[in-house]
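# Architecture at a glance
So you can see what is in the structure, the chains are spelled out below.
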Amino acid sequence: MRNLTRISCLSLISRSMYTLTKFVCLFLPLLLLSSCSKYEEPDYPTVASSIFNDVLIDVLDSEGNSLIDNEAIMNGLSFIGRDGYKIPFHTVEIGDEKTIRTIFPLPMESSMSYSDDRKDGYGESNLTVNINGYKFNLRGKFHYTCSYPNIEMYGGNSIKLIEIHTNDSNITINKETNFPKITIKITSD
């Protein structure tokens, strides 16, 4: 009698496993297919074989003196791109002058508009400069060019920062240098 009960239990477990397996095999593909239809392609920064997005930045006090050597200013300085990403920076010496060098964030692919042949394109991105709680917002315009639009693996494509805009009267932008130079004047120390 015991053997018969064991065989019945094993038979019941076997049928349950078979039913469970059929259920998983039928509904798992449906679940996967439905999740594929909701998939959105991620939005990545536009890339190219040549990227020109370096900028120079100087921070001045209200009298026009550079604050690059001021430790409190440098410790409270940050450059913020999309989604709060902090962009690294460092000081460089150009001639007798110290300045900050960093990069302007590349535009996201969704913000780009391309010509029909994809040889030219334009896009914009934002950079926030935070200096000890003072925030300065900048908007950069980029130009994309491509010699081989159908075969991107050959290179020959570039993206370059061509304009920087701001409505803040405490910011001046000099485009005469190799890299755009942004000068920010802190009006209250």
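One structure accompanies this document, and this report is about it. Fair warning: this is a prediction, and the values are worked out from it, not measured in the lab.

## A closer look at the overall build of the chain
- Looking only at helices and strands, the chain features two helices and 12 strands.
- Mapped from its N terminus to its C terminus, the chain presents α and β elements in the order α-β-β-α-β-β-β-β-β-β-β-β-β-β.
- Sorting the 189 residues of the chain into buried and exposed places 31% on the buried side.
- Here the contacts in the chain between residues at least 6 apart in sequence split such that 56% fall between residues at least 24 apart.
- Accessible area for the chain stands at about 13,000 Å²; split by element, carbon and sulfur atoms hold 54% of it.

## Overview of the nonpolar core
- Core analysis: the largest hydrophobic core is formed by 30 residues, its most contacted members being Val-129, Ile-131 and Ile-184.
- Breaking this core down by element, the ones donating at least two residues are strand S2 (54-60), helix H2 (71-75), strand S3 (77-80), strand S8 (120-131), strand S9 (134-146), strand S10 (157-165) and strand S12 (181-185).
- Setting aside residues up to four positions removed in sequence, Ile-131 forms contacts with Val-59, Ile-73, Gly-76, Leu-77, Phe-136, Ile-184 and Ile-186.

## Here we look at the side chain of Asn-157
- Position of Asn-157 among the secondary structure elements: in strand S10.
- Polar contacts involving the side chain of Asn-157 include one to the side chain of Tyr-144, which spans 3.4 Å.
- What Asn-157 contacts, discounting residues up to four positions off in sequence, is Val-47, Ala-48, Ser-49, Ser-50, Tyr-144, Thr-145 and Cys-146.

## Thoughts on the pairing of S9
- Looking at chain direction, S8 and S9 are connected through 12 bridges and run antiparallel. What sits directly across from Ser-125, in S9, is Gly-140.
- The antiparallel pairing of S8 with S9 creates a hairpin that spans two residues between the two strands, and Asn-132 there sits at a positive phi of about 50°.
- Summarising the sheet, S9 and S10 pair through eight bridges and their orientation is antiparallel. Within S10, the position partnered with Arg-139 by the bridge is His-165.

## Concerning unusual backbone geometry
- The residue Asp-83 is not glycine, and still its phi comes out positive at about 60°.
- Along the polypeptide, Asp-83 turns up in the loop between S3 and strand S4 (86-87).
- One non-glycine residue, Arg-118, adopts positive backbone phi at about 60°.
- Within the secondary structure layout, Arg-118 lies in the loop between strand S7 (113-114) and S8.

## Quick look at the sheet that holds strand S5 (residues 90-94)
- Pairing in this open sheet of five strands is mixed, and the strands run S5-S6-S2-S12-S11 from one edge to the other. Each of the sheet's edge strands pairs with one partner strand only, and the pair in question is S5 and strand S11 (171-174). Across the sheet, the mean angle separating the axes of adjacent strands is 35° when strand polarity is ignored.
- Pairing of S2 with strand S6 (residues 97-103), which is carried by four bridges, proceeds in the antiparallel orientation. Opposite Leu-56, over in S6, you have Arg-101 as the bridge partner.

## Things to note about the side chain of Thr-128
- Inspection of the secondary structure assignment puts Thr-128 in strand S8.
- Classification of Thr-128 as buried rests on a relative accessible area of 18%.
- Of the polar contacts made by the side chain of Thr-128, one reaches the side chain of Asn-137; its length is 3.1 Å.
- Every residue in contact with Thr-128, bar those within four places of it in the chain, is listed here: Ser-78, Phe-79, Ile-80, Lys-135, Phe-136 and Asn-137.

## Brief notes about the packing of aromatic side chains
- Applying the stated criterion across every chain yields a total of three aromatic pairs.
- Consider the rings of Phe-79 and Phe-89, whose centres lie 5.1 Å apart with planes at 70°: the pair is edge-to-face. Of this pair, Phe-79 sits in strand S3 while Phe-89 sits in the loop between S4 and S5; the two residues are 10 residues apart in sequence, bridging distant segments of the chain.
- Relative to Tyr-144, the ring of Tyr-114 lies with its centre 5.5 Å away and its plane at 85°, an arrangement referred to as edge-to-face. Taken together, the positions of Tyr-114 in strand S7 and Tyr-144 in strand S9 put the pair 30 residues apart, joining distant regions of the chain.
- Exposure remark for Tyr-114: the relative accessible area of 22% places this residue in the partly exposed category.

How each quantity is defined
- By convention here, each chain's residues receive numbers from 1 onward along its written sequence.
- A pLDDT threshold of at least 70 governs which residues receive local features in this predicted model, and a stricter bar of 80 or more applies before side-chain atom pairs are shown or counted, although totals over entire chains, interfaces and linings include all residues.
- For the side-chain quantities, the full set of heavy atoms in the structure was used; hydrogens and water were omitted.
- Only DSSP runs of H or I with at least four residues qualify as helices, and only runs of E with at least two residues qualify as strands; both kinds are numbered from the N terminus onward.
- Exposure categories follow from relative accessible area, calculated using a 1.4 Å probe and restricted to protein chains: below 20% of the type maximum is buried, above 50% is exposed, and the middle band is partly exposed.
- Note on definitions: a residue-residue contact is assigned when non-hydrogen atoms from the two residues lie within 4.5 Å.
- What sets the accessible areas is the Shrake-Rupley method with a 1.4 Å probe; for residues, cover comes only from the shown protein chains.
- For this analysis, a nonpolar core means a set of buried residues of the types Ala, Val, Leu, Ile, Met, Phe, Trp, Tyr and Cys, connected via side-chain atoms within 4.5 Å.
- Each polar contact in these results corresponds to two N or O atoms within 3.5 Å; when the atoms are within protein, one needs to be able to donate a hydrogen and the other to accept it, and residues that are neighboring in sequence are counted only if both atoms are side-chain atoms.
- What makes two strands pair is DSSP finding at least two bridges between them.
- Whenever a helix is involved, its axis is fitted only over the stretch in contact; in every case the axis is a line through C-alpha atoms, and angles between N-to-C directions fall within 0 to 180 degrees.
- Only rings of Phe, Tyr and Trp enter the pairing, Trp through its six-membered ring, and a pair is recorded when the two centres are within 6.5 Å. The plane angle decides the type: under 30 degrees is stacked, over 60 is edge-to-face, the rest tilted.

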